[in-house]
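One letter stands for each residue in the lines below.
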Amino acid sequence: SMSTEYTADEVAKHHTEGDCWIIIHGNVYDVTAYVDEHPGGDIIMDVAGADGTDQFEDMAHSEEAREELKKYIIGKLKK
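Since we're looking at a predicted model, the values are computed, not measured.

**Observations regarding the side chain of N27**
- Locating N27 in the fold gives a position in strand β4 (residues 27–30).
- Taking the relative accessible area as the measure of exposure, N27 reaches 13% and is therefore buried.
- A distance of 2.9 Å separates a polar atom in the side chain of N27 from a polar atom in the side chain of K76.

Okay, here's the thing in structure tokens:
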């Protein structure tokens, strides 16, 4: 749920195709189920376990992609 907070260290432990978390705009997403579906392919693994905000914005993701991302939110990054 959105009340759950994760540290960057916790997120960093989830950096494989079978267990993939990413941080975007301070939110934490478990995108494990999405890795194989990602239209950009394995590039998503470049930010596995890390903050992918800059990469996400650099790719100019569509509104559809932003809506899709919401399905995978698991919490917030602990400040």
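Now that the structure has been shown, we can carry on.
**Considering the packing of aromatic side chains**
- For the coordinates displayed, the defined rule picks out 2 aromatic pairs.
- Arranged with centres 4.9 Å apart and planes meeting at 70 degrees, the rings of Y6 and W21 form a pair that is edge-to-face. Taken together, the residues Y6 in strand β1 (residues 5–6) and W21 in strand β3 (residues 19–24) connect sequence positions 15 residues apart. With respect to burial, Y6 and W21 carry one shared label: buried.
- For the ring pair Y34 and Y72, a centre distance of 5.5 Å and an interplane angle of 40 degrees mean the geometry is tilted. One end of the pair, Y34, is in the loop between β4 and α2 (53–58); the other, Y72, is in the loop between α3 (63–70) and β5 (73–77), with 38 residues separating them in the sequence.
- Residue classification places Y72 among the buried residues on the basis of a relative accessible area of 16%.

Rules used throughout
- Residues numbered from 1 in each chain as written.
- Predicted model: local features only at pLDDT ≥ 70, side-chain atom pairs only at ≥ 80, totals over all residues.
- Heavy atoms only, no water.
- Helix = DSSP H or I, 4+ residues; strand = E, 2+ residues; numbered from the N terminus.
- Buried < 20%, exposed > 50% of the residue type's maximum accessible area, 1.4 Å probe, protein only.
- Polar contact = N/O pair within 3.5 Å; in protein donor to acceptor, adjacent residues only side chain to side chain.
- Phe/Tyr/Trp six-rings, centres within 6.5 Å; stacked < 30°, edge-to-face > 60°.

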